[in-house]
Each structure stands twice: as C-alpha cells, then as structure tokens.
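# Summary of the model geometry
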Amino acid sequence: MEILIVSGMSGAGKSRAADILEDLNFYCVDNLPAALLPKFAEFCLGMGGRYERVALVTDIRDRGGLQDMLSAMDELDRIECSHHILFIEADIATVVKRYKESRRPHPLQQEVMGVEAAVRLEAVRLGPLRDRADYIINTSHLTLGMLQKEIYRLFVGDSSKRVLQVNVMSFGFKYGLPIEADMVFDVRFLPNPFYDSDLKGKTGMDAEVRDYIFRHESSKEFLQKLSELITFLVPRYVEEGKHTLTIAVGCTGGRHRSVAVAEALTELIRSLGQSAEIIHRDIDK
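Description of the structure in this document. (Residues numbered from 1 in each chain as written. Predicted model: local features only at pLDDT ≥ 70, side-chain atom pairs only at ≥ 80, totals over all residues. Heavy atoms only, no water.)

## A closer look at the overall build of the protein
Helix and strand content of the protein: 10 helices and nine strands. Taken over C-alpha atoms, the radius of gyration comes to 26 Å for the protein, far larger than the 19 Å a tight globule of 285 residues would show. Along the three orthogonal principal directions, the C-alpha set of the protein runs to about 80 × 45 × 30 Å. Burial status across the protein gives 46% buried among its 285 residues. The long-range fraction of contacts in the protein, counting pairs at least 24 apart against all pairs at least 6 apart in sequence, stands at 78%. Accessible surface for the protein amounts to roughly 15,000 Å². Of this, 49% is attributable to carbon and sulfur atoms. Here the protein holds 36 positive side-chain charges and 42 negative ones, and the gap between their average locations is 5 Å. (Helix = DSSP H or I, 4+ residues; strand = E, 2+ residues; numbered from the N terminus. Rg over C-alpha atoms; globule rule 2.2 N^0.38 Å. Buried < 20%, exposed > 50% of the residue type's maximum accessible area, 1.4 Å probe, protein only. Contact = heavy atoms within 4.5 Å. Areas by Shrake-Rupley, 256 points an atom, 1.4 Å probe, with all protein chains shown as cover. Lys, Arg positive; Asp, Glu negative; His and termini not counted. Charge placed at Lys NZ, Arg CZ, Asp CG, Glu CD.)

Shown next as structure tokens:
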C-alpha cells in the first residue's frame, strides 16, 4: 500500500492537488487528524488490498500541531508502512494575493496581525515538515494544467501517454443542442440521404448510407480536415490535463449524416490510442 501525505502552505493548492490525485485513483481523505494517521494506515493495510493508493491531506489547521504529524510519520516507519510526503508551497506574495482574492481568513491570522504575517509564520512552522518532504511543488506560477502535468509526472509517468476519454455524440439540430458538448460540428452541408427513397429509412450505421455521403468530394475533404483538427487537438488537451472531451456532430434529424461522421470520427480517435465512446442520441427518433 502507498500512503501519500499531502501538506504544505494554506492557499498553495493542496485541495487542487488532492482533486488531481483522486483522478489518478488515489483514495483521498482531507483534514485527517495527524494522531489518527497510524490507525488509519493499519485499517487500510487490513483491508486486503482495497486501498492501494491513499492520499491524506493535512495542514496547519490540525489542532495537534506539527509535532503530532512528525510523530505519526515515525509511527508509520515503526510499523513498516511505506509513505511519502508531497509538500505544496507558493511564494509569500502569491499566497497573500490569493487570500485577498478569496476574502477568506488565514488559519493563523488570529495569532498575528495581517495576512502576510500569518503566511510567514506558517512557513516557519512548516519548515521541519518541508525538510522531510519527498516531493515539493511550488505553485506560484503554475496553471491548473501545469499542476496536473507535474503531479502526473511524479506519480504516474509521462503525461503524454495519458489516455483522454473522448465521447462522440451524433444528434439532430431539430431536437436541440447537447448541453454537455465541448465542441459541436454542423454537417448539414453534406449530401442528405433522407431525399433518396432507398436510403431514407436507413441510418448512418448502414454501409449504403455511408457510401452515399462519403463518395462526394466535399465529404471526403471535410472528413480529412476534421481528422487533421482532431489529431492536432487531442494531444494538446492531454497535455493541458483534460480528462474528458465530448464532441457532438449534428445534422437535421440525427439519423444519417451526423451518425456516419460520428462513426468515422470515433474510429480515428481510437486509432490515435485514445479511449472513445459513441452515442447516437436521436437515431431512433
């Protein structure tokens, strides 16, 4: 079992780091009292592999103080429970600015006068814990995507190998836009099989309909340009840290053109090594 203790300065981004770790299949517990850490570790160890990766978020708010945290880690060593410390920090000026923007009080602000003094006091108190940290991330100049990439590098590996879950949806404009779509492509300019009596009752899942649509040069050119765009975008979304992407393809009724294009697009995305699911929202309407 792997226990990761996430700590650091208030306002530096521990909660965001925990959210990212949760996406990486860590079981996250926020603000667990340090004194309970060894007991919690023993509980996880006794669950027969149910909790293989655990992230525990703790900070200066712990009433037991830093000494309880250091003692807890010594106890983990004694029971031979593997653990590491991820320390999240930021420059004093950055943390002060974040607190002013959020209008929330710093946990130590009752002890000293002003936010800056509280931040400096916290940095001093957390010094011994920072010295024991296995990983230190300074978030002063990191976007959320950059933080995701760094955590992924530390705990998974090469972020370029991350799999983006892509959902491809065909739909009919006459039934409304899908609200979950990240991007929408309108294919109502393509040749419409609806006006062919032999194809009207079929759908874009049928080979005859696909052949009808894609035998036209405009259809071939559009699919080529769409393929180039998606091939360019997917690695950039992965690099930015996006986990799910929903692409909607729409025609008038959602039975012919949008279905055929969505099927072709799904095959392309899978060929790029990404996970892709497809749903035809209006195909039976």
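## Observations regarding the sheet that holds strand β3 (residues 53–57)
The sheet built from five strands is open, its strands ordered β2-β3-β1-β4-β5 with parallel pairing. Two strands in the sheet have a free side with no partner beyond their single neighbour: β2 (27–30) and β5 (135–138). Here the strands of the sheet are splayed against their neighbours by 20° on average, with no regard to which way each runs. With four bridges joining them, β2 and β3 adopt parallel strand pairing. (Pairing = 2+ DSSP bridges. Axes fitted to C-alpha atoms, helices over the stretch in contact; angles between N-to-C directions.)

## Here's the deal with the pattern of salt bridges
Taken as a whole and judged by the stated rule, the model has 12 salt bridges. The partner of arginine 132 in a salt bridge is aspartate 74, and the shortest N-O contact between them spans 3.4 Å. Remark: aspartate 74 occurs in helix α3 (residues 65–78) and arginine 132 occurs in the loop between α6 (127–131) and β5; sequence separation between them is 58 residues. Assessed through its relative accessible area of 35%, arginine 132 is described here as partly exposed. (Salt bridge = Lys/Arg side-chain N within 4 Å of Asp/Glu carboxyl O.)

## Concerning the sheet that holds strand β9 (residues 275–280)
A sheet is described by the order of its strands in space; here four strands give the open sequence β7-β8-β6-β9, paired in parallel fashion. In this open sheet, the two strands that pair with only one neighbour each are β7 (183–186) and β9. The sheet shows a mean angle of 20° between the axes of neighbouring strands, taken without regard to direction. In the sheet, β7 pairs with strand β8 (residues 244–251) via four bridges, with the strands oriented parallel.

## Concerning the packing of helix α9 (residues 217–240) against helix α10 (residues 257–271)
Where α9 meets α10, the closest approach of the two axes is 11 Å, and the angle between their N-to-C directions is 40°. Of the possible angle classes, the one that applies to α9 and α10 is oblique. Considering only the axes of α9 and α10, their crossing is right-handed. Side by side, α9 and α10 meet where Phe222, Leu223, Leu226, Ser227, Ile230 and Thr231 of the first sit next to Val261, Ala264, Leu265, Leu268 and Ile269 of the second. In the contact of α9 with α10, the residues fall into nine nonpolar, two polar and no charged. (Parallel < 35°, antiparallel > 145°, perpendicular 65-115°, else oblique. Left-handed = near helix turned anticlockwise from the far one by under 90°. Nonpolar A, V, L, I, M, F, W, Y, C, P; charged D, E, K, R; others polar.)

## So, unusual backbone geometry
Positive phi outside glycine occurs at asparagine 25, with the angle close to 70°. Note on placement: asparagine 25 falls in the loop between α1 (14–23) and β2. Its identity as a non-glycine residue notwithstanding, asparagine 31 has a phi of 60°, on the positive side. You can see asparagine 31 is positioned in the loop between β2 and α2 (37–45).

## Observations regarding the pairing of β3
Here β3 lies mainly inside the structure; four of its five residues are buried. Across five bridges, strand β1 (residues 2–8) lies against β3 in parallel orientation. Residue pairing for β3: isoleucine 5 is matched across the bridge by leucine 56.

## As for the nonpolar core
Grouped together as the largest cluster of nonpolar side chains are 49 residues, with contacts concentrated most on Leu21 and Ile151. Among the elements that line this core, the one with the most residues is α3, at five residues. Contact partners of isoleucine 151, with chain neighbours within four places excluded, come to Ala17, Ile20, Leu21, Leu24, Ile137 and Val156. Ranked by size, the runner-up nonpolar core spans 29 residues in total, among them Phe185, Leu190, Ile230 and Ile269. (Core = buried A, V, L, I, M, F, W, Y, C linked by side-chain atoms within 4.5 Å.)

## Describing the side chain of glutamate 122
On the secondary structure map, glutamate 122 appears in helix α5 (residues 115–125). Notably, glutamate 122 is buried but unbridged: the nearest opposite-charge side chain belongs to lysine 14, and the N-O separation is 5.4 Å. For glutamate 122, the side chain forms a polar contact with the side chain of serine 10, separated by 2.7 Å. A polar contact of 2.9 Å, which involves the side chain of glutamate 122, links it to the side chain of histidine 106. (Polar contact = N/O pair within 3.5 Å; in protein donor to acceptor, adjacent residues only side chain to side chain.)

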